[in-house]
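# Architecture at a glance
The residues making up each chain are set out below.
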Amino acid sequence: NAGVTQTPKFQVLKTGQSMTLQCAQDMNHNSMYWYRQDPGMGLRLIYYSASEGTTDKGEVPNGYNVSRLNKREFSLRLESAAPSQTSVYFCASRDRGTSGANVLTFGAGSRLTVL
Amino acid sequence: DAKTTQPNSMESNEEEPVHLPCNHSTISGTDYIHWYRQLPSQGPEYVIHGLTSNVNNRMASLAIAEDRKSSTLILHRATLRDAAVYYCILRDNSGGYQKVTFGTGTKLQVIP
């Protein structure tokens, strides 16, 4: 199994450009998450989707939009990129588990630089 | 929301045990303790979790204090591959990860 796949791995944008980060999971998980990680800081939740058809804001949603296209795919869109959005972005999906494990599986990350 | 406190960094010699501490004095009765680690240039990965009892798996052991206000992740024999940032988080069993705070974790350096 591939787990959680993110594309692209690297991207350089100019201020004001738009782009979409793609995320797909093949584990039949219901919940999916987008995080950003800045140097010296922990992961911060941008948006999440508890199930297909639903999305909710996390801690730092400003400047982002998301789409839960189907159960497998959860995309993150930057409509007008700003230098403050330079970061590493991680997508994750959650396994409810039968024993309450509720474990997150993360993708490898997408490194975005906004000039 | 309950938060955790971890040392910023720790060192260990290769092939020696490592005890990574985590304080969570405001933990609630329904909070699970989870540990994740992040290897360089990779996404975080799950290590272990527990509620009240000590837990073992192939990667590590988790020792939970009787009052649950602290826990310790134990790597029995550190290898160079264990050099990573280790995150201790609390997750309420009633929900997912939307209220979970990932702090800055403990950066573990393994010395050959």
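Below: a short report on this structure. (Residues numbered from 1 in each chain as written. Chains lettered and ligands numbered in written order. Predicted model: local features only at pLDDT ≥ 70, side-chain atom pairs only at ≥ 80, totals over all residues. Heavy atoms only, no water.)

Here the focus is the overall build of chain B. A tally of regular secondary structure across chain B gives zero helices and nine strands. On C-alpha atoms alone, chain B measures out to a radius of gyration of 13 Å, which is about the 13 Å that the 2.2 N^0.38 rule sets for 112 residues. The principal-axis extents of the C-alpha atoms in chain B amount to approximately 40 × 30 × 25 Å. Burial statistics for chain B: of 112 residues in total, 44% are counted as buried. Long-range pairs, those at least 24 residues apart, make up 57% of the contacts in chain B between residues at least 6 apart in sequence. Looking at charge distribution, chain B has the averaged site of its 10 positive side-chain charges lying 6 Å from that of its 11 negative ones. (Helix = DSSP H or I, 4+ residues; strand = E, 2+ residues; numbered from the N terminus. Rg over C-alpha atoms; globule rule 2.2 N^0.38 Å. Buried < 20%, exposed > 50% of the residue type's maximum accessible area, 1.4 Å probe, protein only. Contact = heavy atoms within 4.5 Å. Lys, Arg positive; Asp, Glu negative; His and termini not counted. Charge placed at Lys NZ, Arg CZ, Asp CG, Glu CD.)

We now examine the sheet that holds strand E3 (residues 31–38) of chain B. Residue and element names in this part refer to chain B. Strand order in the open sheet formed by five strands is E1-E9-E8-E3-E4, and the pairing between neighbours is mixed. Each edge of the open sheet is held by one strand with a lone partner, namely strand E1 (9–13) and strand E4 (45–50). The average angle at which neighbouring strand axes cross in this sheet is 25°, direction not considered. The pairing of E3 with E4 spans five bridges and is classified as antiparallel. Within the sheet, the bridge partner assigned to Tyr36 lies in E4 and is Tyr46. (Pairing = 2+ DSSP bridges. Axes fitted to C-alpha atoms, helices over the stretch in contact; angles between N-to-C directions.)

This part is about the nonpolar core. The nonpolar side chains of soluble globular proteins are, as a tendency, buried together. Grouped together as the largest cluster of nonpolar side chains are 21 residues, with contacts concentrated most on Leu20(B), Ile33(B), Trp35(B), Leu73(B), Leu75(B), Tyr86(B) and Leu108(B). Here Leu73(B) is in contact with Val18(B), His19(B), Leu20(B), Trp35(B), Val47(B), Ile48(B), Ala60(B), Ser61(B), Leu62(B) and Tyr86(B), once residues within four sequence places are set aside. Counting 20 residues, the second-largest nonpolar core is a separate cluster that includes Val4(A), Met32(A), Cys91(A) and Leu112(A). (Core = buried A, V, L, I, M, F, W, Y, C linked by side-chain atoms within 4.5 Å.)

Here we take up the state of the cysteines. All names here are of chain B. Using the criterion set out here, one finds two disulfides over all chains in the structure. A disulfide bridge connects Cys22 with Cys88, and the sulfur atoms are separated by 2.1 Å. On the S-S bond that ties Cys22 to Cys88, the torsion sits near -80°, and the link is left-handed. Of this pair, Cys22 sits in strand E2 (residues 18–23) while Cys88 sits in strand E8 (residues 84–92); the two residues are 66 residues apart in sequence, bridging distant segments of the chain. For Cys22, a relative accessible area of 1% translates into the label buried. (Disulfide = S-S within 2.5 Å.)

Here the largest pocket defines a volume of roughly 690 Å³. What lines the largest pocket is a set of 27 residues, among which Gln37(A), Arg111(A), Gln38(B), Pro40(B) and Ser41(B) lie closest to the centre. At the level of elements, strand E9 (87–95) of chain A together with E8 and strand E9 (106–111) of chain B are the ones that each hand at least two residues to the lining of the largest pocket. A per-class count over the lining of the largest pocket returns twelve nonpolar, eleven polar and four charged. (1 Å grid on protein atoms, 1.4 Å probe; cavity = no way out; pocket = protein on both sides within 12 Å on 5 of 7 lines; lining within 4 Å. Points joined across faces, edges and corners; volume = space filled by probe spheres on them. Nonpolar A, V, L, I, M, F, W, Y, C, P; charged D, E, K, R; others polar.)

Below, the discussion takes up the interface of chain B and chain A. Taken together, the contacts link 20 residues of chain B with 20 residues of chain A. For the pair chain B and chain A, the summed buried surface comes to about 1500 Å²; carbon and sulfur atoms form 58% of the total. In this structure, the connection of chain B to chain A is made through zero salt bridges. Counting across the interface, chain B meets chain A through five residue pairs in polar contact (both at pLDDT 80 or more). Residue assignment for the side of chain B that touches chain A shows that the elements contributing at least two residues are E3, E4 and E8 of chain B. It is E3(B) that provides the largest number of residues to the side of chain B that touches chain A, a total of four residues. Taken together, the residues of the side of chain B that touches chain A sort by class into seven nonpolar, twelve polar and one charged. (Buried area = accessible area lost by both parts, 1.4 Å probe. Salt bridge = Lys/Arg side-chain N within 4 Å of Asp/Glu carboxyl O. Polar contact = N/O pair within 3.5 Å; in protein donor to acceptor, adjacent residues only side chain to side chain.)

The omega torsion of the bond from Thr7(A) to Pro8(A) falls at -10°, within 30 degrees of zero and hence cis. Within the fold, Pro8(A) resides in the loop between strand E1 (4–7) and strand E2 (10–13). In this model, Glu15(B) sits at a positive phi of 70°, which is unusual for a non-glycine residue. With respect to the helices and strands, Glu15(B) occurs in the loop between E1 and E2. One non-glycine residue with positive phi stands out, namely Arg68(B), at about 65°. Residue position: Arg68(B) is located in the loop between strand E6 (61–64) and strand E7 (70–75). Under the relative-accessibility criterion, Arg68(B) is labelled buried at 9%.

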